[in-house]
Amino acid sequence: MSVIHAEQGPTDTRAAGGAPWQPSEALRTADPLLADLLSAEAERRTESLQLLAGENVTSPAVLAALGGPLIDKYAEGYPGHRHHTGCALADTAELLAVDRARELFAAPHANVQPRSATSAMLAAYAALLRPGDVVLAMSLEHGGHLSCGSRANFSGRWFDFVGYGVREHDGLVDLDQVRELAHRHRPKAIIAGGISYPRHIDWAGFRAVADEVDAYLVASAAQTTGLVAAGLAPSPVPYADVTVAATHKLLRGPRGGMLLCTAELADRVDRAVFPFTQGGAAMNEVAGKAVALAEAGTQEFAAYLRRAVDGARALAAALAGHGVPPTTGGTDTHLVTADVSPLGLSGVEAERRCAAAGLMLGKCALPYDPAPAAEASGIRLGTGAAAAQGMGPVELAEVGALIGELLSGGPQPRITDRVRALARSFAVRY
């Protein structure tokens, strides 16, 4: 099994000597155009630094499972209760993933079939709510996800969302506001967590509020699933009725979702996934999740994520030193959100400048942001992929300085050359 070593990148099983990924002869013969596109994407990744918070470098062992024979298996239903024959080995693979998830997160029940964290959230709502129910969740403007009330999403069309936010003076979740809104609106469920909040969530505090108004507590933990697995972030599982997790991002598994819940809700959650919101599971993805969950239980994985968190703190400090202050004053996780408006820039312009130099990060609307959402005043970065390739605090502090210099109007050719040199040096290690 391929694991991540504390001082090195993951074991290199993709291409000898760190060479970029190359398509197989079968792919080149069947579809040369797509083969060329994939080769170009592999080359792009060796010449740029991936700092998008939702991206990572998938484990080589997971990739092997994704391309295995279970990709062809139709296994509609659950182990022991499939709608098609020939599922005995698929059942074993799914039970392996479920058992590993339950053990890793100390969860009474796990469902590993959701195809994404958003589809997992849909299933959580289906298990707990009815259309029109009131839900209290972090507002999108303050870091909430689309599935927590956006009118462009099923959540905002089917349920009545009330948004809570963060305090203006320190950017931290205002639990007093959460409590006041909960008592005023009496929600059926409270969603704790978001996608752009770099600090740990007070799960016990949210549980207390939920109990006061007899609401379900749903943990939106897609961004921090890996940190919880590694013991580097507080676990929501002891407090939440349902935890929505992602198996990619920091867990480095296949793109997909996962649900953890209490024993009492197990049947409702399973029926909400299948047959209510999904058909047959993608069994190759379930197999990939099993591999990722095994890798996430190793000391090497924990060392990798310690490097990611330490690197995020070094990155945040370097940005602050170049006039780009991080929100909340720093980070507890792999996430960094920062305000570029002191440099007279929008988030869109910052994203564009960085992408031109090979620094892949995203624009981000900030709480109490005066700029239009399409422009935004912030940027959001994540250190998961960089740490997976071996980068630590020293390298990520240098990256932060390069970003600060670039956004301050520094010489782009020199910075672009340095970014490419850094990217290539760590791509070779992977």
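Report on the accompanying structure. (Residues numbered from 1 in each chain as written. Predicted model: local features only at pLDDT ≥ 70, side-chain atom pairs only at ≥ 80, totals over all residues. Heavy atoms only, no water.)

### Regarding the overall build of the protein chain
Working step 1: Of regular secondary structure, the protein chain possesses 16 helices and 16 strands.
Working step 2: Taking 22 Å as the expected radius of gyration for a compact globule of 430 residues, we find that the protein chain reaches 22 Å, a close match to that expectation.
Working step 3: With the C-alpha coordinates aligned to their principal axes, the bounding extent of the protein chain is approximately 60 × 55 × 40 Å.
Working step 4: Looking at the protein chain as a whole, 58% of its 430 residues qualify as buried.
Working step 5: Roughly 17300 Å² of accessible area belongs to the protein chain as shown, and the carbon and sulfur atoms make up 55% of that amount.
Working step 6: Charge centroids of the protein chain, computed over 37 positive and 45 negative side chains, lie 1 Å from each other. (Helix = DSSP H or I, 4+ residues; strand = E, 2+ residues; numbered from the N terminus. Rg over C-alpha atoms; globule rule 2.2 N^0.38 Å. Buried < 20%, exposed > 50% of the residue type's maximum accessible area, 1.4 Å probe, protein only. Areas by Shrake-Rupley, 256 points an atom, 1.4 Å probe, with all protein chains shown as cover. Lys, Arg positive; Asp, Glu negative; His and termini not counted. Charge placed at Lys NZ, Arg CZ, Asp CG, Glu CD.)

### Focus: the pairing of strand β9 (residues 216-220)
Working step 1: Extensive coverage of β9 is indicated by the burial of four of its five residues.
Working step 2: Examined bridge by bridge, strand β8 (residues 189-192) and β9 share four bridges and lie parallel to one another. Looking across to β9, one finds that Ala-189 is bridged to Tyr-216.
Working step 3: Traced from β8 through helix α8 (residues 203-212) to β9, the parallel crossover comes out right-handed. (Pairing = 2+ DSSP bridges. Right-handed = clockwise from strand over helix to strand, strands pointing away.)

### Looking at the packing of helix α7 (residues 175-185) against α8
Working step 1: Their axes nearest at 9 Å, the elements α7 and α8 cross at an angle of 15°. The pairing of α7 with α8 is recorded here as roughly parallel in orientation. The way α7 lies across α8 gives a crossing that is right-handed. Residue-level inspection shows Leu-175, Val-178, Arg-179, Ala-182 and His-183 of α7 in contact with α8, the latter providing Gly-205, Phe-206, Ala-208, Val-209 and Glu-212.
Working step 2: A breakdown of the residues in the contact of α7 with α8 according to their chemical character gives six nonpolar, two polar and two charged. (Axes fitted to C-alpha atoms, helices over the stretch in contact; angles between N-to-C directions. Parallel < 35°, antiparallel > 145°, perpendicular 65-115°, else oblique. Left-handed = near helix turned anticlockwise from the far one by under 90°. Contact = heavy atoms within 4.5 Å. Nonpolar A, V, L, I, M, F, W, Y, C, P; charged D, E, K, R; others polar.)

### Details of the pairing of strand β10 (residues 242-246)
Working step 1: Within β10, five of the five residues are buried, which leaves it mostly tucked inside the rest of the structure.
Working step 2: Because side chains alternate across β10, one face comprises the buried residues Val-242, Val-244 and Ala-246, and the other comprises Thr-243 and Ala-245, equally buried.
Working step 3: Sheet analysis places β9 next to β10, joined by three bridges and oriented parallel. When the bridges of β10 are listed, Ala-219 appears paired with Thr-243.
Working step 4: As paired strands, β10 and strand β11 (residues 257-261) are joined by five bridges and run antiparallel to one another. Residue pairing across strands places Val-242 opposite Cys-261, the latter belonging to β11.

### Digging into the environment of Gly-156
Working step 1: Within the secondary structure, Gly-156 sits in helix α6 (residues 154-158).
Working step 2: What makes Gly-156 buried here is its relative accessible area of 4%.
Working step 3: Gly-156 sits 10 residues away from Leu-146 along the chain, and the two C-alpha atoms are 8.4 Å apart.
Working step 4: Leaving out residues up to four positions away in the same chain, Gly-156 has contacts with Gly-149, Ser-150, Arg-151 and Phe-161.

### Focus: the side chain of Gln-223
Working step 1: Mapped onto the fold, Gln-223 is located in the loop between β9 and α9 (225-229).
Working step 2: A polar atom in the side chain of Gln-223 sits 3.2 Å from the side chain of His-334. (Polar contact = N/O pair within 3.5 Å; in protein donor to acceptor, adjacent residues only side chain to side chain.)

### Comments concerning a nonpolar patch on the surface
Working step 1: Together, Trp-21, Leu-33, Leu-34, Leu-37 and Leu-38 give the surface a local cluster of nonpolar side chains, amounting to about 460 Å² of exposed area.
Working step 2: Within the element layout of this structure, Leu-38 appears in helix α2 (residues 32-46). (Patch = residues over 30% accessible without salt bridge, like charges linked within 9 Å, V, L, I, M, F, W, Y side chains within 5 Å. Salt bridge = Lys/Arg side-chain N within 4 Å of Asp/Glu carboxyl O.)

### Thoughts on empty space enclosed by the protein
Working step 1: Counted by the stated rule, this structure contains four cavities of 30 Å³ or more.
Working step 2: Considering only enclosed or pocket space, the largest cavity measures out at about 150 Å³ in volume.
Working step 3: Around the largest cavity, the lining comprises 17 residues; the ones closest to its centre are Tyr-197, Arg-199, Ile-201, Trp-203 and Thr-224.
Working step 4: Class assignment for the residues of the lining of the largest cavity results in nine nonpolar, seven polar and one charged.
Working step 5: Its volume calculated, the second largest cavity comes out at about 90 Å³.
Working step 6: Taken together, 14 residues make up the lining of the second largest cavity; nearest its centre are His-142, Ser-196, Thr-327, Thr-337 and Pro-367. (1 Å grid on protein atoms, 1.4 Å probe; cavity = no way out; pocket = protein on both sides within 12 Å on 5 of 7 lines; lining within 4 Å. Points joined across faces, edges and corners; volume = space filled by probe spheres on them.)

### Comments concerning the sheet that holds strand β6 (residues 134-138)
Working step 1: The sheet built from seven strands is open, its strands ordered β5-β11-β10-β9-β8-β6-β7 with mixed pairing. Unpaired on one side and paired on the other, β5 (109-111) and β7 (160-164) mark the two borders of the sheet. Here the strands of the sheet are splayed against their neighbours by 20° on average, with no regard to which way each runs.

### Comments concerning the layout of surface pockets
Working step 1: Considered as a void within the structure, the second largest pocket measures approximately 710 Å³ in volume.
Working step 2: Among the secondary structure elements, those contributing two or more residues to the lining of the second largest pocket are α5 (117-128) and β15 (362-364).

### Things to note about the side chain of Asn-111
Working step 1: Note on placement: Asn-111 falls in strand β5.
Working step 2: A distance of 2.9 Å separates a polar atom in the side chain of Asn-111 from a polar atom in the side chain of Asp-270.
Working step 3: Ignoring any residue separated from it by four or fewer positions in sequence, one finds Asn-111 in contact with Tyr-78, Met-258, Leu-259, Asp-270 and Val-273.

### Observations concerning helix α12 (residues 299-321)
Working step 1: For α12, which comprises 23 residues, the first-to-last C-alpha distance of 33 Å matches the rise-based estimate of 33 Å (1.5 Å per residue) to within 8%.
Working step 2: The positive-phi residue at the C-terminal boundary of α12 is Gly-323, with phi of around 80°. (Expected span 1.5 Å × (residues − 1).)

### Some details on helix α10 (residues 266-277)
Working step 1: With 12 residues, α10 should cover 16 Å at 1.5 Å per step; its first-to-last C-alpha distance of 16 Å lies within 8% of that length.
Working step 2: Inspection of α10 places Ala-266, Val-269, Asp-270, Ala-272, Val-273 and Phe-274 among the buried residues, and these make up the whole buried set. One side of α10 holds all its buried residues, which, seen down the axis, span an arc of 155°. Facing away from the buried side of α10, by more than 90 degrees, are the exposed residues Pro-275 and Phe-276.
Working step 3: Looking at the packing, one finds that the buried side of α10 touches β3 (77-78), β5, α5, β10 and β11. (Arc of directions from axis to C-beta.)

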